[in-house]
Amino acid sequence: MDLNDIFRNFGDIFGGAFGGFGGFGGGRGQRQYRGSDMRMKVRLTLEEISTGVTKKFKVRKDITCTECHGTGCASGHSPETCPTCHGQGYVIQSRRSFLGMMQTQEVCPNCHGEGTVIKHTCSHCHGEGVTSGEEIVEIKIPAGVAEGMVVNVPGKGNAAKHGGVPGDIQVLIEEEPHKDFIRDDTDLIYNLLLTVSQAALGDTIDIPTLTGKARIKIEPGTQPGTALRLRGKGLPAVQGYGVGTGDIVVNISVYIPEHLTKEERKAFEALRENDHMQPNDSIKDKIFRAFRNYFDK
């Protein structure tokens, strides 16, 4: 006996004790097939992500044969017990090893582990129990999902032959760009562009949210880079990946006119020499802290 024989016998020993049938149900007994998984993409708006949504798709996939209902048998017939393994799905083989006679469990060569054989096959599916077809699949997407996440839908993938376990559908999430917001995890960033007069004098402005509008007050002397928060107006955390709901962060920008009339230019030149129009150290520090507070949130 060479080393190959020794390791082969050890493989038989441990395979018989712990083996099963290699991904077809596991453990001792009859083999059960499993349908293959499917992968698809779904494109969502931020509004759909904020509340969760149910989508319906017509999917082309393997479905259970409508003629034999998955048995693989012709009408009026049923699978018969395998005469080789007597329905066990496996047979016992005896082999001589350096330890003596060893008995191992192997997949039945006649029924390939199923425990049954089909003598009269279905003409529609040719004995497989599945055919190619279409099915309407309803997929529930939870609130708070993000670009690149995968939602698993169990049991909605390809049907398995001979009444086995169907596969899953793995749904890859894609986000549609939003016209108003940039997403930052559960926060939504909104860029508010003020005029010089609005920033200097203050104003009351309506800004969009995912459910309508919200009114905010711009204080006189508001500086570019100031970030205002609308608490709880962002996106919910997806279940199991966080707690609570994010905010809408309003980032203040100020529009500086690119072209001035003679009168406008004269007005700005008159203001230029005014001490109140010059930023002091306190204002510089306030602007810096506004940026730092946003990134340290």
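Here's a quick rundown of the structure. (Residues numbered from 1 in each chain as written. Predicted model: local features only at pLDDT ≥ 70, side-chain atom pairs only at ≥ 80, totals over all residues. Heavy atoms only, no water.)

Here we come to the overall build of the chain. When you go through the chain residue by residue, the secondary structure sums to five helices and 15 strands. Across the 297 residues that make up the chain, the buried fraction comes to 35%. The contacts of the chain with a sequence gap of at least 6 include a subset with a gap of at least 24, amounting to 65%. When the accessible surface of the chain is totalled, it reaches about 18700 Å², and 51% of it is carbon and sulfur. (Helix = DSSP H or I, 4+ residues; strand = E, 2+ residues; numbered from the N terminus. Buried < 20%, exposed > 50% of the residue type's maximum accessible area, 1.4 Å probe, protein only. Contact = heavy atoms within 4.5 Å. Areas by Shrake-Rupley, 256 points an atom, 1.4 Å probe, with all protein chains shown as cover.)

For any two aromatic rings, the description comes down to two numbers: the centre-to-centre distance and the angle of the planes. Inspection of the entire model under this criterion finds one aromatic pair. For the cation-ring pair, lysine 161 lies above tyrosine 33, with the distance from its terminal atom to the ring centre recorded as 4.9 Å. (Phe/Tyr/Trp six-rings, centres within 6.5 Å; stacked < 30°, edge-to-face > 60°. Lys NZ or Arg CZ within 6 Å of the ring centre and 35° of its normal.)

Ile141, Val171 and Leu192 are the most contacted members of the largest nonpolar core, which has 35 residues in total. Leave out the neighbours within four places in its chain, and valine 171 touches Met40, Val42, Ile139, Ile141, Met149, Val150, Val151 and Val153. Counting residues in hydrophobic clusters, the runner-up holds six residues, among them Cys82, Val91, Cys111 and Val117. (Core = buried A, V, L, I, M, F, W, Y, C linked by side-chain atoms within 4.5 Å.)

With that out of the way, let us pick up the state of the cysteines. Under the defined criterion, the tally for this structure stands at zero disulfides. Left unpaired, cysteine 82 is separated from the closest cysteine sulfur, that of cysteine 108, by 3.7 Å. Looking at cysteine 108, it has no disulfide partner, and the nearest cysteine sulfur is the one in cysteine 111, 3.7 Å off. (Disulfide = S-S within 2.5 Å.)

The subject of this paragraph is the sheet that holds strand β11 (residues 187-195). Strand order in the open sheet made by the four strands is β10-β11-β15-β14, with mixed pairing throughout. One side of each edge strand has no neighbouring strand; the edge strands of this open sheet are β10 (181-184) and β14 (227-230). Averaged over all neighbouring strand pairs, the angle between strand axes comes to 30°, with direction disregarded. Where β14 and strand β15 (residues 248-255) come together, four bridges link them in antiparallel fashion. Bridge pairing in β15 places leucine 228 opposite valine 250. (Pairing = 2+ DSSP bridges. Axes fitted to C-alpha atoms, helices over the stretch in contact; angles between N-to-C directions.)

The three strands are arranged β1-β9-β8 in an open sheet whose pairing can be described as mixed. Among the strands making up the open sheet, the edge pair consists of β1 (38-44) and β8 (150-153). Between one strand axis and the next, the sheet turns by 30° as a mean value, whatever way the strands run. Across four bridges, the pairing between β8 and strand β9 (residues 169-175) is antiparallel. Bridging from a neighbouring strand, valine 153 pairs with isoleucine 169 of β9.

Structurally, the position occupied by threonine 186 is in the loop between β10 and β11. Among residues more than four places away in sequence, those in contact with threonine 186 are Gly234, Leu235, Pro236, Ala237, Gly246 and Asp247.

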